[in-house]
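Structural features, examined
Single-letter residue listing:
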Amino acid sequence: MEQQTQIRVQPVDKKKIQKIWRVAGILGAITTVEFIIAFTIGAGSAKTFLFIALTIWKAFYIVSEFMHLGHEKKSLKMSILLPMLFVIFLIFIMIYQGNAIYEVLN
Amino acid sequence: MAGTAVVIEENNQHVWSGGVAPMKASYGKLMMWFFLLSDAFTFSALLITYGLIRFSHPAYDGSVENFVFSSEYWPIPEKVFEAVPFLHGMELPLVFVGIMTFILILSSVTMVLAVEAGARMDRKGVEKWMLWTILGGLTFLGCQAWEWSHFIHGVEITGKDGVAFFQGAGLTSNPYGPPNFAALFFFITGFHGFHVFSGVVINFIIFYQAMVGIFEQRGHYEMVEKVGLYWHFVDLVWVFVFTFFYLI
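Just so it is clear, the model here is predicted, and its values are computed rather than measured.

Conventions we followed
Residues numbered from 1 in each chain as written. Chains lettered and ligands numbered in written order. Predicted model: local features only at pLDDT ≥ 70, side-chain atom pairs only at ≥ 80, totals over all residues. Heavy atoms only, no water. Helix = DSSP H or I, 4+ residues; strand = E, 2+ residues; numbered from the N terminus. Rg over C-alpha atoms; globule rule 2.2 N^0.38 Å. Buried < 20%, exposed > 50% of the residue type's maximum accessible area, 1.4 Å probe, protein only. Contact = heavy atoms within 4.5 Å. Areas by Shrake-Rupley, 256 points an atom, 1.4 Å probe, with all protein chains shown as cover. Lys, Arg positive; Asp, Glu negative; His and termini not counted. Charge placed at Lys NZ, Arg CZ, Asp CG, Glu CD. 1 Å grid on protein atoms, 1.4 Å probe; cavity = no way out; pocket = protein on both sides within 12 Å on 5 of 7 lines; lining within 4 Å. Points joined across faces, edges and corners; volume = space filled by probe spheres on them. Nonpolar A, V, L, I, M, F, W, Y, C, P; charged D, E, K, R; others polar.

Observations concerning the overall build of chain A
The number of helices and strands found in chain A is 4 helices and 0 strands. Taken over C-alpha atoms, the radius of gyration comes to 22 Å for chain A, far larger than the 13 Å a tight globule of 106 residues would show. Overall, chain A is about 80 × 35 × 30 Å in size when its C-alpha atoms are taken along their principal axes. Sorting the 106 residues of chain A into buried and exposed places 29% on the buried side. Considering only contacts in chain A between residues 6 or more positions apart, those separated by 24 or more positions represent 44%. On chain A, roughly 7,500 Å² of surface is accessible, and the fraction owed to carbon and sulfur atoms is 67%. Across chain A, the 11 positively charged side chains and the 6 negatively charged ones have centroids separated by 9 Å.

A closer look at the layout of surface pockets
All names here are of chain B. In this structure, the second largest pocket spans a volume of roughly 710 Å³. Lining the second largest pocket are 31 residues, and of these Glu82, Ala83, His150, Gly154 and Val155 sit closest to its centre. Listing elements by their share of the lining of the second largest pocket, those giving two or more residues are α3 (77-80), α4 (95-119), α5 (123-153) and β1 (155-158). Counting residues per element, the lining of the second largest pocket draws most heavily on α5, which supplies 5 residues. Class assignment for the residues of the lining of the second largest pocket results in 21 nonpolar, 5 polar and 5 charged.

Limitation: the analysis is restricted to geometry and does not speak to function.
Pasting the structure below:
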């Protein structure tokens with residue numbers, strides 16, 4: 001080859017790497033807490049609520065930091081997040097429907 | 001040779017015709033996001049179906065210690081998923097699926113590190129971290145294969161005549177609970193597992209392309225970033241499957 005392009009490897013930004021591992025640590029810690037809850041708290045709506053809250057917390061870290069959505073433009077953020085409102089709507093009507101089916105069958 | 005790379009680079013800059021990328025994201029990245037949004041709808045629909053079917057069945061309302069499997073009510077997941085490879089006969093509820101969760105989270109972390117290395121044009125770093133990610137994905141798939149085979153192979157049941165036999169789960173019946181329980185298990189974890197499988201294949205293609213220097217010629221490692229988005233999504237879905245299928 002007559003023309004060799006020089007590839008310059010930039011130095012590692014220690015702070016960035018530290019942040020990645022910190023987020024990883026948070027995700028691991030939340031999962032551990034979920035485990036502890038699974039065996040210490042009796043079944044009930046409090047337990048379910050805790051699990052869902054912790055799951056959404058984890059999801060926030062994955063989407064915002066790992067998928068970098070937290071650092072994108074607001075229009076991009078909203079075009080991904082707002083359509084998810086349909087999912088929340090679907091959860092409510094389908095759980096309601098499930099209860100209705102239960103009433104009919106029993 | 002180097003000239004070709006320059007042409008590709010120029011084309012990229014005019015992809016959005018106006019010269020400026022909308023939402024400050026490249027075409028490929030934006031389309032990956034919208035694909036993931038549609039995929040999120042699919043997984044949401046599956047998990048909400050699980051909720052609907054579960055709520056239409058009676059819940060077990062006795063104590064956990066006295067729980068017995070019956071098709072009359074929905075089973076408690078920690079009583080179903082309690083086996084770990086090589087530890088036969090021991091009751092270790094949720095331990096194996098917990099290990100799987102940690103493996104997938106860790107492979108997501110190595111993927112972030114691969115993307116970070118790509119941003120610095122560090123080919124060696126991309127190769128190293130992509131390889132760890134692929135390894136994590138394959139380990140997860142192996143774990144899932146074991147879990148499925150255990151689930152299908154079944155549990156030992158002593159019949160009325162005192163003879164012990166194995167009964168496993170299928171799409172129409174299972175020894176743990178209502179038929180839909182196993183059907184949903186196969187559909188939801190199967191669909192997720194298929195995503196993991198395709199993710200590993202795509203990761204491998206990207207690893208190969210990085211290795212032969214395609215991205216170096218192209219001048220950027222954006223493909224690693226796009227595939228990274230897909231891989232994180234697979235991890236994200238597992239977080240929800242873990243909660244709604246195994247914990248609640």
